Every structure is written in C-alpha cells, then in structure tokens.
Amino acid sequence: MSGFVSTRGQVGFNDLKIPGAWSRKIGKDLYEVFIGPQHPGSGHMRIIIRIDGDVIVEADPDMGYVHRTMEKLGEGREWIKGIPLYERMAIHDACNVTLPYVRAVEQLLGIEAPLRAKYLRVLLCEINRIAAYLYGFGIFGVFVGHSTMYMWPFGDREVWIELADWLTGARLTHSYPVFGGVRRDVPADFTNQLRKAIRYMRKRLEEYRKIYVDNPVIRARLEDVGVIPKNLAIELGITGPNLRASGVLYDVRYNDPYEVYDELDFEIPVFQEGDALARVWQRVEEIKQSLRILEQVADWLDKHPREPILHDRFWKTAPPLHKKIFETEGRAKLVPLYALLKVPKGKAYAKAETARGEITYYVESDGGQKPYRVRIVSASARNAIVFKYILPGHRVMDLPTIYGSIDYFPPEADR
Amino acid sequence: MVPPKPVPKTKPRRGIFHAFKGNLEALMIGVKYFIDPKRFTLIYPKEYNKLREGYRGFIVLIKQKCINCASCARICPAAAMKMIRIPEVDEKTGKQKVKNWPVIDYRRCIFCGYCVDVCPTEALYHVPYHDVVYQNMAEMYLDLESFQKPPEYKAAEEGIPVRYIVDEERGLVKVPYKEGEK
Ligand code: SF4
Ligand code: SF4
C-alpha cells in the first residue's frame, strides 16, 4: 500500500486524462488523481487518490476549502450573535447544530428552557433531521447516477422546509432557539399540517425502498461496498448514522438525552453490516423514528395550552406589548437584555445529535459580553477520516458510492 | 413516559426472486409517476409564492413608533442595522438637535429577524416577500426615507399568487391563493 517513492516534479503532469480531475504519474503503474475540490462529486473537498489501474491503493482526504474561522469569529461578537453564525456550518440542519451552543450558554447562565420550549426545539430538530437526511439521499442518488433519487428527496424535503418556514419564518437559517427558550410558538393549524406531512412521508419511504434502496441495480452497487467494521468505526471515532450502521449503539439522544428526548418513545435502529447499503437503511429507519417523535410532539403541543416559551429571567422583564404579541401572534419578542447579555465566568460543555452525528461545543466565558472561547467539533470533521481507511482496495467506480453513503458535509467539517 | 430504546436491525434479505421482483417494483413505480407526475414547480414570474404571515422578509421602519433606542442596531449580528445621526428642529422649542435613526444595509442583512423581535415598540416589521431587485450595490444601503417604505414587489404586480400546502397523498401541492388567508 505505502512504500512507493514519490517522483514529484520528475514526471510531466496530466499523463492520465480523466475529465474534471487532475492527475499525474508517480510511479510504475501508479497514478495520483485529484478528485475535487471543484465538485465532480466531492463537494468543497478534495480526495487525493493513488490508483494502480482501476484500484485505489491510497486515499487522502484533503479538507479545509470552506474554512471560515467560525470559532474565532465567535469570539468577536456578543453571545446571541453566535447563534446565526454557527448555524452557517450546516444551514439545512440549523436547529441541531446551534442547540448545544444555546444549551452550553444556558448552563453558564444557570437557566433552563420552559417545557413547551423544549418540545418546540425537539420539533424543529427532528424536522431538520429529516430534511437533512433527504438532502443526503438526493446527493447520494445523483452520485450513483440515479437521477430520480435526486429529484424525489429534494422535492419531499421541500415539505419539511415549508413546515420549518411556517414555524420560524425562514426556510433554512431559522435562528430558532435562543438562550432560555425559542422564538416562536406553533401557528394555528400547524400540527394538522405536520400530521399530514408525517403520513405522506411514511408512504414515500416505501416508494423510496422500491425505486432505490431495494432496486436490484442499486443494491448491487451498494452492497458490501465501503464496509466499516465495528472495531475500525470505534477506533476512528466516527459518529452518527455511519457509526450506528456499523453496529455500535451510540446516539446522544439515547446515551445522554437532552431536551425532552428521554420522555419520548422512539427506537434507535442499529444496523450490523456497516456497508453502504446498511448506511442507507440506517437513515431510512431513522427518518421513520423521527416521524414517530414528531407525532408525539404534535400530540403534546395540541394537548397543552400556550404558555411562555422564554425563561422567566428574560420574560418577566418583558413589557405588556411583548406579552400581547405573544398571545396574539405567538411570537416571543426578545428583550433588549439579549444584546447586552453578560454570561457568568465559567466553562460549559454541551453536545447534541445532528443529522450527521454528534456535535460538541466547549464554551468558555470570562464574564464579559462576548465569549472567551467557543470550540466546536462537528460530526463531519470526525467522519472525514473514514475515506483514508475505507477507500483503498476499492475501484474508482466505488468512490462516489462510498462518499455519498458517508453523507459527508464539507461546510460543517471545515467550520 | 417511555425512554428511547435501541433496536438491532439487519438489511432485508435478498430472496431468490429479488432481481425479478425488485426490478418489477421499481418499474411499476416509475410507470405510476410517468402517468401521474407530481409537480409543484413555481412558474415564476407568472406565478409567485404568497408567503405566510410571519415570514422574515424585508424590513420596514415605522418612524412614528421608533423611540431611537438603538436596540436593533446593537443586536444585529451582521452589523446591517446602523444608527445614523440626523439633525432636526424640535417642534416645541424650535431648537436644533440631533437624533439617531436606524437604517438598514441589505448588502449585509441575513434576515435573522432579531431587530424586529428586539424592538420594544414594534417600530419594525417584516414584509412577507424576499424577491426584491436592486439596480446596484449602493442602492441596497437604504436611507431613512426609503427604509420607511415597503420595497417594490414587482412579482406581485405581474404574477398571480399561489400558496404551497401539505397534502397527505401528494406532498407539497400548489394551490391558488385565496384573498384573506393568513
Ligand atoms: S434581520 Fe438580522 S441581520 Fe438583518 S438588520 Fe435585522 S438583526 Fe440585522
Ligand atoms: S429598536 Fe425599534 S425603537 Fe429602538 S431604534 Fe430600533 S426601530 Fe427604533
């Protein structure tokens, strides 16, 4: 595998013509091919592979093309301004990626969101999760050349985005959770539309199975490709559905429940095989469980009357106008205190299960209006290493399959 | 309440007739949608999406309500909302004085809606549309005068309004917008 002598600079470039990829000869029967970062299926990321004939002998994931210095930018702005900022790591999973930041700051402030706000957070988190999985399916579908599977999930994702839009006022960048609660209550008739969407999605998943997941052609391409054995998955520290598809039970919602996940009745599917097909099934099953969660949340919201969705610390200073607007429009206005918020000195740590796995935030405050340090470890950053260990031994043809099945999302990894 | 529980699963087995059955199923579903396709493309600008109340679109200032508190400028995460100093004559005393008024820079705004939510007097509101065109970048930096007017919504002048609703059978469907719906 390793041990070849690199002849960098001695051999002319482009000895091997592959459309869209830059390549050069580096040894006898050995070519180096640069896949990406201009998206011939790699996203804003480059995978450098060395191939012998058609077989990958070495792979190097090369990330960092969309690095935006998120952590440093966060240090220069007030606490609340971090929420729209960190959201931009994975905008289609906005609530999940910002929730641990909000929760860490809440820990430092010593407050907790009211129960209704917790249910609303779970509501948006699961809507985001489904939408993000569908996004992943769409990309995966087009990677393996199945353009129907590209169009369908993107169309169905629109259902969930429409619901999120209705709830929060924005399609993707919701900025929904704030310290001590959430910004809006559910509009009238929202839960009925949500139930319709749930029933629709259940039917759709069965159709996905027929046209894609169980389609013999697709199955032949996915089965036993890119197997991540259980011990390797643990060793590499990968996370999320990829980890669970390799037979490891780890889900933050289960192992370290946050918000109201410990009160909801749902399952954590754990697939044993660890190949690309198992990873797709893993996501299909998880969408089913998310739908189950949403059903319970909708029932809960219907049963309980509207109550304040911001913690008393903020809500008690709200003028009567704020309260009137909350009652009529369901919009919890922010008090000016949010802009000037001083967070007590201390360190906090919070994590959550995003659509791509565990995300962790370490937040440190020096007692000022701005964070002293915010450290983020996102799920995709942890999953990227997989390519180095899984790709060798596969044919180039399998690269898009493996890449798609990992559901790697560069902006989230690069931060 | 019942806590979540793990459930081990395996991929469905591949039966002997899988190749036949699987292909047939895939083809059948293809035929089904060939005959009855699900489409909800917005024929823009012939139609335009009438967004729901509460959509975080462009922002308008009601100057009479504004108390010059600068909360909106302070909370803006993108530094899009700025306070500008405008000299004016006090009506009662007739003296010259300078007041701070908020203006918005749409080159920077990320439509997070914090400013609208933080304003203590509801002097700011969102218009429920976002498809607004500017001729050049400089125009996107509004002055106090233009900040008080809802931006021109060209699509609404030419197109017919539609709305997307969730349907149990067909997912998202496009329906004509009825006057008065929220
Ligand atoms: S919507 Fe957000 S970014 Fe835009 S002006 Fe208001 S606070 Fe600033
Ligand atoms: S927050 Fe409202 S009242 Fe205060 S300056 Fe801004 S627009 Fe005026």
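All of these numbers come straight from a predicted model, not from anything done at the bench. (Residues numbered from 1 in each chain as written. Chains lettered and ligands numbered in written order. Predicted model: local features only at pLDDT ≥ 70, side-chain atom pairs only at ≥ 80, totals over all residues. Heavy atoms only, no water.)

Here we look at the sheet that holds strand β7 (residues 160-167) of chain B
Point 1. The sheet built from 3 strands is open, its strands ordered β2-β7-β8 (chain B) with mixed pairing. Two strands in the sheet have a free side with no partner beyond their single neighbour: β2 (47-49) and β8 (171-176) of chain B. Across the sheet, the axes of successive neighbouring strands diverge by a mean angle of 40°, strand direction being ignored.
Point 2. Sheet analysis places β2 of chain B next to β7 of chain B, joined by 3 bridges and oriented parallel. Within the sheet, the bridge partner assigned to E47 of chain B lies in β7 of chain B and is I160 of chain B.
Point 3. Contacts from helix α5 (residues 147-168) of chain A reach β7 and β8 of chain B, with the element oriented near 65° to β8 of chain B.
Point 4. Where helix α6 (residues 190-213) of chain A meets the sheet, it contacts β7 and β8 of chain B, and its direction lies at approximately 65° from that of β7 of chain B. (Pairing = 2+ DSSP bridges. Helix = DSSP H or I, 4+ residues; strand = E, 2+ residues; numbered from the N terminus. Axes fitted to C-alpha atoms, helices over the stretch in contact; angles between N-to-C directions. Contact = heavy atoms within 4.5 Å.)

Section: the site of ligand 1
Point 1. Every one of the 13 residues lining ligand 1 counts as a neighbour, but C76, C109, C112, G113 and C115 of chain B are closest to it.
Point 2. When its residues are assigned to classes, the shell around ligand 1 shows 12 nonpolar, 1 polar and no charged. (Near = heavy atom within 4 Å. Nonpolar A, V, L, I, M, F, W, Y, C, P; charged D, E, K, R; others polar.)

Section: the domain arrangement of chain A
All names here are of chain A.
Point 1. Split into domains, chain A comes out as domain 1 (13-62) and domain 2 (70-414).
Point 2. Each of domain 1 and domain 2 has a C-alpha centre, and these two points are 33 Å apart.
Point 3. In this assembly, 17 residues from domain 1 lie in contact with 16 residues from domain 2.
Point 4. Surface buried jointly by domain 1 and domain 2 totals about 1400 Å² across both partners, of which 71% is contributed by carbon and sulfur atoms.
Point 5. Our count for the domain 1 to domain 2 interface comes out at 2 salt bridges. (Domains from an automatic or database assignment. Buried area = accessible area lost by both parts, 1.4 Å probe. Salt bridge = Lys/Arg side-chain N within 4 Å of Asp/Glu carboxyl O.)

Details of the packing of aromatic side chains
Point 1. In total, this model carries 28 aromatic pairs over all chains according to the counting rule given.
Point 2. Following the ring pairs from residue to residue traces out a cluster consisting of Y86, Y101, F179 and Y361 of chain A.
Point 3. The ring of W166 of chain A has R52 of chain B sitting right over it, with the charged end atom 4.3 Å from the ring centre. (Phe/Tyr/Trp six-rings, centres within 6.5 Å; stacked < 30°, edge-to-face > 60°. Lys NZ or Arg CZ within 6 Å of the ring centre and 35° of its normal.)

Looking at the site of ligand 2
Point 1. By nearness alone, 15 residues border ligand 2, and C66, C69, A70, C72 and C119 of chain B come closest of all.
Point 2. Residues of the shell around ligand 2, tallied by class, amount to 12 nonpolar, 3 polar and no charged.

Focus: the interface of chain B and chain A
Point 1. Every contact between the two is made by 56 residues of chain B and, on the other side, 75 residues of chain A.
Point 2. With both chains or domains summed, chain B and chain A bury close to 5600 Å², and 55% of this area falls on carbon and sulfur atoms.
Point 3. Between chain B and chain A we count 9 salt bridges in total.
Point 4. Inspection of the region where chain B meets chain A yields 27 residue pairs in polar contact (both at pLDDT 80 or more).
Point 5. Tallied by class, the residues present in the side of chain B that touches chain A amount to 29 nonpolar, 10 polar and 17 charged.
Point 6. Note: strand β7 (residues 267-271) of chain A against strand β1 (residues 5-9) of chain B, 5 bridges, orientation parallel. For I268 of chain A, the partnering residue across the bridge sits in β1 of chain B and is P6 of chain B. (Polar contact = N/O pair within 3.5 Å; in protein donor to acceptor, adjacent residues only side chain to side chain.)

So, the sheet that holds strand β10 (residues 373-377) of chain A
Residue and element names in this part refer to chain A.
Point 1. Pairing within the open sheet is antiparallel, and its 3 strands lie in the order β8-β9-β10. Looking at which strands have only one partner, the edges of the open sheet turn out to be β8 (346-354) and β10. Each adjacent strand pair in this sheet contributes to an overall mean axis angle of 15°, direction not counted.
Point 2. Bridging between strand β9 (residues 357-365) and β10 involves 5 bridges; their strand directions are antiparallel. Note that in β10 the partner of V363 across the bridge is V374.
Point 3. Against the sheet, helix α3 (residues 94-109) makes contact with β8, β9 and β10, and its axis sits at roughly 155° relative to β8, the strand it touches most.

Here's the deal with the packing of helix α4 (residues 115-143) of chain A against α6 of chain A
Residues and elements named next belong to chain A.
Point 1. The N-to-C vectors of α4 and α6 enclose an angle of 25°; their axes lie 13 Å apart at closest approach. When the axes of α4 and α6 are compared, the pair comes out roughly parallel. With respect to the hand of their crossing, α4 and α6 are arranged in left-handed fashion. Side by side, α4 and α6 meet where L123, I127, L134, F137, F140 and G141 of the first sit next to F190, L194, M201, Y208 and Y212 of the second.
Point 2. By residue class, the composition of the contact of α4 with α6 is 10 nonpolar, 1 polar and no charged. (Parallel < 35°, antiparallel > 145°, perpendicular 65-115°, else oblique. Left-handed = near helix turned anticlockwise from the far one by under 90°.)

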